[in-house]
Amino acid sequence: MLCAALATGGLIPTISPADAGEIVVPATAECVDTNLRVRRGQRVFFSAIGTATYGFEGPPVDDSPVTNPDGQRFLPYVPSATGARRPIDGLFPIGRKRDPFALVPGPIGLLVGRVTRDGKPFPIGASGVVAMPGTGKLQLCYNDVPGAHGDNSGAYRVAFG
Ligand SMILES: [Ca+2]
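Residues numbered from 1 in each chain as written. Predicted model: local features only at pLDDT ≥ 70, side-chain atom pairs only at ≥ 80, totals over all residues.

Q: Give me the sheet that holds strand β2 (residues 31–38): which residues, what numbers.
A: The strands making up a sheet associate through backbone hydrogen bonding, with each pair oriented either parallel or antiparallel. Spatially, the four strands line up as an open sheet ordered β2-β12-β9-β10, and their pairing is antiparallel. The sheet terminates laterally at β2 and β10 (122–123), the two strands that pair on one side only. Pairing of strand β9 (residues 111–115) with β10 involves two bridges; the strand directions are antiparallel. Its bridge partner lying in β10, G113 is registered against F122. (Pairing = 2+ DSSP bridges. Helix = DSSP H or I, 4+ residues; strand = E, 2+ residues; numbered from the N terminus.)

Listed below in structure tokens is the structure:
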């Protein structure tokens, strides 16, 4: 009883500092293992950087946009309705592309997690604390349609703790 009381006494279960780590998530790999074992309800902090691409997209984009871990997309120029591409110094945001068939139905390129191979993928994004939906080994994934990761490029670097 005492243990149960302690477990529900308002303490937020987090992972041990010793289990904190960093991993590269290539966009070509559907998911990669973190070697972090988590428990359901445990809160894990994530911070992700980097850019990747999900493959060629037809009109009106007609190019291979770059994504960030929040699933925002960018082009290295300013597109126009006429097809003209005005060069810029940096990246031009073109919004998210929601795909109902992606690992997580939602933005392509989003950083996604799942607990064990068979777990249901859940959104993470670029930064934040996420309560783990299950118990087991945590995997991190690039949100794309399963089987469609082969034409991707780039990677996200993800710190967790
Ligand atoms: Ca793809």
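After presenting the structure, the write-up continues.
Q: Tell me what's going on with the nonpolar core, and back it up with residues and numbers.
A: Among the nonpolar cores identified, the biggest contains 27 residues, and V38, L111, V112 and V158 are the most heavily contacted of them. If you list the elements that add at least two residues to this core, you get β2, β3 (43–53), β9, β12 (136–142) and β13 (153–160). Looking at this core, the element that brings in the most residues is β12, giving four residues. When neighbours within four sequence positions are excluded, L111 is seen to be in contact with V25, A48, P69, I124, G125, A126, L140, Y156 and V158. (Core = buried A, V, L, I, M, F, W, Y, C linked by C-beta atoms within 7 Å. Buried ≥ 20, exposed ≤ 12 C-beta atoms within 10 Å, placed from the backbone. Contact = placed C-beta atoms within 7 Å.)

Q: Provide a residue-level description of the environment of E22, including the pertinent values.
A: Relative to the elements of secondary structure, E22 occurs in strand β1 (residues 21–26). When the C-alpha positions of E22 and A48 are compared, they lie 9.4 Å apart, and in sequence the two are 26 residues distant. Setting aside its immediate chain neighbours within four residues, E22 contacts R157, V158 and A159.

Q: So, the pairing of strand β6 (residues 86–95): which residues are in play, and what are the values?
A: The two faces of the sheet receive side chains in turn, since in a regular strand these alternate between them. With respect to burial, β6 is a largely exposed element, only zero of its 10 residues being buried. Relative to β6, strand β5 (residues 73–78) runs antiparallel, the two being bridged by five bridges. Counted as the bridge partner of L75 is F92 from β6.

Q: Summarise the environment of G41; cite the residues concerned and give the values.
A: Mapped onto the elements, G41 comes out in the loop between β2 and β3. For the pair G41 and V130, spaced 89 residues apart in sequence, the C-alpha to C-alpha distance is 8.8 Å. Apart from residues no more than four positions distant in its own chain, G41 is found in contact with P13, A131 and M132.

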